[in-house]
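Inside the fold
So you can see what is in the structure, the chains are spelled out below.
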Amino acid sequence: MPRERKRTSHALLVAAALAGFGLPAQAAIVGTCTIVIGSSGAMKANPAINIFGSRQAGGSSATATITASSLLCTILNLLDCYSVSAPAPIAFTSAPSGGDANVTFDTLFRLDGSGADIPGSSPQRVTNGTHTIQVDLTATKSSGIFPAGNYQGMVTVRCE
């Protein structure tokens, strides 16, 4: 009887220890993904003043550096433990009155100097190491033109 009780105690102890962790399955990647903002981009208007974008003449892309590091990925020799995305915002962070009306936003990004445009909300797998990202934001007014004033938009770069 004491021997049986001992097995039960170990089984309960192990079960309690595992339950204490309670981590979801996607938390199996143990590591970090750090994003350091480089330069802010600049959005410029097209001649019709119905599009603001960093890809318009005189505009520029925002940049950041992403450093992904996962011991589990290294040990298992996995090539794609983290994904990077840059989904479009739903509104300007600041705009003059009427500036947000009838506006849709779109983002594109490029990784590691690649010329390939990736839609902002399409996660792109990255390997362990340091990666550069260039992000472009475009705001399109479906009717009318953008009112005069100062506009600011913010794109959140994600590494998950």
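Look a little higher up for the structure.
The sections below set out a description of the structure shown in this document. (Residues numbered from 1 in each chain as written. Predicted model: local features only at pLDDT ≥ 70, side-chain atom pairs only at ≥ 80, totals over all residues. Heavy atoms only, no water.)

**Describing the overall build of the chain**
Counting its regular elements, the chain contains two helices and 10 strands. For the chain, the α and β elements follow one another from N to C terminus as α-β-β-β-β-α-β-β-β-β-β-β. By residue count, 25% of the 160 residues in the chain fall in the buried class. Long-range contacts, defined as pairs at least 24 residues apart, comprise 71% of the intrachain contacts of the chain with a sequence gap of at least 6. Of the roughly 10,000 Å² of accessible surface on the chain, a fraction of 58% belongs to carbon and sulfur atoms. (Helix = DSSP H or I, 4+ residues; strand = E, 2+ residues; numbered from the N terminus. Buried < 20%, exposed > 50% of the residue type's maximum accessible area, 1.4 Å probe, protein only. Contact = heavy atoms within 4.5 Å. Areas by Shrake-Rupley, 256 points an atom, 1.4 Å probe, with all protein chains shown as cover.)

**Describing the sheet that holds strand E10 (residues 158-159)**
Across the sheet, which stays open at both edges, the three strands sit in the order E8-E5-E10 with antiparallel pairing between neighbours. With partners counted over all chains shown, the strands left at the sheet margins are strand E8 (124-126) and E10, one partner each. Here strand E5 (residues 82-85) pairs with E10 via two bridges, running antiparallel. Paired with Val-84 across the bridge in E10 is Cys-159. (Pairing = 2+ DSSP bridges.)

**Some thoughts on unusual backbone geometry**
Excluding glycine, a negative phi dihedral is what most residues carry, and trans is how most peptide bonds are arranged. For Ile-49, which is not glycine, the phi dihedral falls at a positive 60°. Secondary-structure assignment places Ile-49 in the loop between strand E2 (44-45) and strand E3 (51-53). By relative accessible area, Ile-49 is classed as partly exposed at 35%. Backbone geometry at Asp-112 places phi at a positive 55°, although glycine is not the residue there. Summarising the element assignment, Asp-112 is placed in the loop between strand E6 (103-111) and strand E7 (118-119).

**Thoughts on the packing of aromatic side chains**
For any pair of aromatic rings, geometry is given as the distance between the ring centres together with the angle between the planes. For the structure shown, the criterion picks out six aromatic pairs. On the basis of an interplanar angle of 80° and a centroid distance of 4.9 Å, the ring pair of Phe-92 and Phe-105 is categorised as edge-to-face. Of this pair, Phe-92 sits in the loop between E5 and E6 while Phe-105 sits in strand E6, and the two are 13 residues apart along the sequence. The exposure class assigned to Phe-105 is buried, which follows from its relative accessible area of 14%. Here the aromatic cluster, defined as three or more aromatic residues joined through ring pairs, consists of Phe-52, Phe-92, Phe-105, Phe-146 and Tyr-151. Lys-141 extends its terminal NZ or CZ atom over the ring of Phe-146, reaching a point 5.6 Å from the ring centre. (Phe/Tyr/Trp six-rings, centres within 6.5 Å; stacked < 30°, edge-to-face > 60°. Lys NZ or Arg CZ within 6 Å of the ring centre and 35° of its normal.)

**Some words on the side chain of Thr-107**
Along the chain, Thr-107 turns up in strand E6. A distance of 2.6 Å separates a polar atom in the side chain of Thr-107 from the backbone oxygen of Ala-86. If near-sequence neighbours (up to four positions away) are discounted, Thr-107 is found in contact with Ala-86, Pro-87, Ala-88, Pro-89, Ile-118, Pro-119, Gly-120, Asp-136, Leu-137 and Val-155. (Polar contact = N/O pair within 3.5 Å; in protein donor to acceptor, adjacent residues only side chain to side chain.)

**Some remarks on the side chain of Arg-110**
Note that Arg-110 resides in strand E6. The class of Arg-110 is buried, set by a relative accessible area of 9%. A distance of 2.8 Å separates the side chain of Arg-110 from the side chain of Asp-136, its partner in a polar contact. Other than its neighbours up to four places away in sequence, Arg-110 contacts Arg-55, Ser-61, Gly-115, Ala-116, Asp-117, Thr-132, Ile-133, Gln-134 and Asp-136.

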